[in-house]
Amino acid sequence: MKNFKKLMFVMLLFTATNIFSQINVEGTVKDKTGPLPGATVVEKGTTNGVTTDFDGNFSLQVKEDTGTVLISFVGYKTKSISFNGNSDLGEIVLTQDENVLDEIVVTAVSFAIDRKTPVAVSTIKAEIIEHKLGSQEFPEILKSTPGVYATKSGGGFGDGRLTMRGFNSENVAVMINGVPVNDMENGRVYWSNWAGLSDVTSFMQVQRGLGASKVAVPAIGGTVNILTKTTDIDTGGSIFFGLGNDGYTKYGATVSTGLLDNGLAVTASAFKLEGNGYIDGTQFKGFNYFLNISKQINDDHKISFTSFGAPQRHGQRQNMSLISRYRNAESGNKFNPDWGIKNGQVTNIEDNFYHKSQTSLNHYWNISDKTTLSTALYASFGTGGGGGTAGANRGDLFQVRLGGDDQPVDLDNIVEINRANGEQGLGSEALLRASRNDHSWFGVLSTFKTEITDNFAFVAGLDLRTYTGRHFNEVTDLLGGQYYLDVDGSGNDNNVNNPNAALRVGDKMAYNNDGEVGWQGLFTQLEYNLEKLNVFVAAAVSNTSYKRIDYFNYLDSDPLQETDKYNFTGFSIKGGANYNLNDYHNIFANIGYFEKAASFRSVFPQFDNENINADAENEKIFSVELGYGFRGEKLAGNINIYRTAWNDRALTQTIQNPDRTFNTANILGVNAIHQGIEFDFVYKATDRLTLTGMLSLGDWEWENDVLGVEVFDDEQDLVKTIDLYIAGLKVSESAQTTAALGFDWEIMKKTNFTIDYNYFGNLYAQYDPNDRGTPGPQAWEAPDYSTFDAGLRYNFKIGEFDTTIIGIVNNVFNTEYISDARDGARSVTNTALVWFGFGRTFSVSAKINF
């Protein structure tokens, strides 16, 4: 609390300045096709600037009576316009700049345009991320977006998660510069791999529902498209330093050569961050790097090379606990059962370490005035994994703590036991291991676009990917032992190719297999554009192939060690239209159907090469949405309603036959309905005060019971009848009712104060529909909660350098709330396992531009 008071005192000192009268300059920024929302308007020689609204409008209070404003937008020539006193500059038309090296040209086809693209969309610009993110998880910048629920999960660095309209990350497409990044095997997004994105994001766009992405990506809940920074036109850079609660520190720099005479430009940035973590035992350290090299070859060809990554290691709170356990813990809601003390040092039992790089080479070819071809070649390499425990006696030894049930695990006790075993020639009874998930991923994404007439445009593209995931357990700490004998619960060797192996640190254990995934996708779209009407129809088809290689369960001489490839076809068709009734009102609608191919886990449910689910069914999705938008001088708002039917949701059960072999049952008819209404607005109350808000009302539940599913063995004998009582059960893990209200107030010259209120309700604990074999009550519902965040931003000069200081306090009133939960004895509070969210946290940062 003392640090918090000191922070606020220091920040208030910076705001001690006089209020000066200001001149207002306004106008509308457009290109040849229409308004340019998000264009930057800056008073020349200062950092005083704004961005254009949905209709390209801006209003800028300048510091001088006369001067010049610079209007810029990526991919366009910067325009300089003089003003004298209060000025209305009217329509300002920007033209494309053939000398601007910007890979946005390659990927812009995946971004929605306001009052043109018929989807529900929210765009978050770099300045919002810089002003409001602070030390939060990157997905949390979206928590005020309709339909989005973002949490820190267990609270470890980078462990945040995001759901959209009730769908988890497997069903939300995430793309960086237009390139898909969802895991090729399970579809998940691991945000710890992208912890450095907040430093290099130009803007991110959330498209809820079908989305405008033209790649063959199955996105049920929506699409998050993140565009990284591009090469700066001007020479310069910035230096950054930040600190926060629990030892959080972050510092780094960005430099740019600007556009050189030879058409070459380079931008690079690097950051380091570390801290102790808010949750017990979640210390972290990470690095972020970014490099962009661009070259204008000639008037028709541009290339851009980009590489970035964020290697990190952090402690985790992997396991939820009962509410009573937090209540009795010395550290309260910060309690974490997944760490211990070894030789006086904090040692993580559960942790995460990973480095995933992404490198792309983009080429843009202006074939003619009406035809373009853009191609991105990319590669991604990942190495790392997550920590955990192993050993025949781990269940008991890792429960011995230094005192009560709320204290760290006594790892020295395990060391002593293992050393004693070693003196008798025995191996470790309990040890630490890491589940490694290394991978290599290569892809090409190519998009062809041509204007058939002034009103018709045709788009077609190719999406090719190949992926190999290498999965194995690795011994990381024998905890005082001499070796570890790798056997399963029945005493059988886990590795038939190396029986009776005495494993040391670094050796593979438990399992070792590769997953190979191939993807071939084609997509096409036809666009029809008039002055007020925009229509599109799109179709895509993809083939996904899976292959598994198991190095432990099968001898090297066994042909079963490597499976055949199993192919699954998915497809989508969607369309939509937007109609601008006038300059203020527009309506839109979209509709689509697609089938999503089975996941790797659905095909190999038993983690072996014999029990293969070669007939895994496609999931079937139908979605429809209607929306209305208003764009006024001071008010902009949107309202939309949606309904998504998710049929034959991937659900399998493994059944043991009387002869102890296994069958996999594909349970068809498991359907869910996700429907709701969303509203959001921006209201510029005065030249100094802007209000924002949203309300999202979701109704997401399983539609029907699935009864009498009969499972037969190979001899067609009935083995089991499956009943699932799930009709009316609410979809879990995502708040179905959310609301937000925020304001940004320029309280003094160059000083802004922001407050953001968020409400979350109807959050149901996680459960597995497979566990609902008998009728029962609704899943446990966590208490509704709300939080307040506040920020203070001050701009000033240090000599000739523009400087910004930002202070952020999250959860100002230290509200206690449950952000994630797992159902216990069905709707019983005292049996639910939970993670509490963070209490009050703070951060302060300084950025100096040069």
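Look a little higher up for the structure.
Below is a summary of the structure that appears in this document.

Definitions and cut-offs
Residues numbered from 1 in each chain as written. Predicted model: local features only at pLDDT ≥ 70, side-chain atom pairs only at ≥ 80, totals over all residues. Heavy atoms only, no water. Helix = DSSP H or I, 4+ residues; strand = E, 2+ residues; numbered from the N terminus. Buried < 20%, exposed > 50% of the residue type's maximum accessible area, 1.4 Å probe, protein only. Polar contact = N/O pair within 3.5 Å; in protein donor to acceptor, adjacent residues only side chain to side chain. Contact = heavy atoms within 4.5 Å. Pairing = 2+ DSSP bridges. Axes fitted to C-alpha atoms, helices over the stretch in contact; angles between N-to-C directions. Patch = residues over 30% accessible without salt bridge, like charges linked within 9 Å, V, L, I, M, F, W, Y side chains within 5 Å. Areas by Shrake-Rupley, 256 points an atom, 1.4 Å probe, with all protein chains shown as cover. Salt bridge = Lys/Arg side-chain N within 4 Å of Asp/Glu carboxyl O.

**Some words on the side chain of arginine 161**
Okay, so step 1: Counting through the fold element by element, arginine 161 comes out in strand β11 (residues 161–164).
Okay, so step 2: Its relative accessible area of 17% is what places arginine 161 among the buried residues.
Okay, so step 3: Within polar-contact distance, the side chain of arginine 161 engages the backbone oxygen of glutamate 733 at 2.8 Å.
Okay, so step 4: In contact with arginine 161, not counting residues within four places along its chain, are Pro139, Tyr149, Ala150, Thr151, Ser153, Trp191, Glu733, Ser819 and Asp820.

**Focus: unusual backbone geometry**
Okay, so step 1: Of note, the phi angle at serine 153 is positive, near 55°, even though the residue is not glycine.
Okay, so step 2: Relative to the elements of secondary structure, serine 153 occurs in the loop between β10 (148–151) and β11.
Okay, so step 3: Non-glycine residue asparagine 500 carries a positive phi angle of around 55°.
Okay, so step 4: The exposed category is assigned to asparagine 500, whose relative accessible area is 62%.

**Overview of the sheet that holds strand β23 (residues 339–342)**
Okay, so step 1: Spatially, 3 strands are ordered β24-β23-β27 in an open sheet, and the strand pairing comes out mixed. A strand with exactly one partner marks an edge of an open sheet, and here the two such strands are β24 (345–348) and β27 (409–410).
Okay, so step 2: Here β23 runs beside β24; their pairing, made up of 4 bridges, is antiparallel. When the bridges of β24 are listed, isoleucine 341 appears paired with valine 346.
Okay, so step 3: Against the sheet, helix α7 (residues 411–423) makes contact with β23, β24 and β27, and its axis sits at roughly 60° relative to β23, the strand it touches most.

**A look at a nonpolar patch on the surface**
Okay, so step 1: A cluster of nonpolar side chains, contributed by Leu626, Ile639, Ile641, Ile677, Phe679, Leu695 and Leu697, occupies part of the molecular surface with about 540 Å² of accessible area.
Okay, so step 2: Secondary-structure assignment places leucine 697 in strand β41 (residues 689–702).
Okay, so step 3: Overall, the relative accessible area of 38% leaves leucine 697 in the partly exposed class.

**Some details on the pattern of salt bridges**
Okay, so step 1: By the definition in use, this model includes 31 salt bridges.
Okay, so step 2: Notably, a salt bridge pairs arginine 165 with glutamate 625, separated by 2.8 Å at the nearest N-O pair. In this pair, arginine 165 is assigned in the loop between β11 and β12 (172–176) and glutamate 625 in strand β36 (residues 619–631), connecting sequence segments 460 residues apart.
Okay, so step 3: Of the residues examined, glutamate 625 reaches a relative accessible area of 1% and is grouped as buried.
Okay, so step 4: Among the salt bridges present, the one from aspartate 463 reaches arginine 465, with a minimum N-O distance of 2.9 Å. Each member of the pair aspartate 463 and arginine 465 is classed as buried.
Okay, so step 5: Ionic contacts of the salt-bridge type, sharing partners, join the residues Arg165, Arg208, Glu625 and Glu678 into one network.

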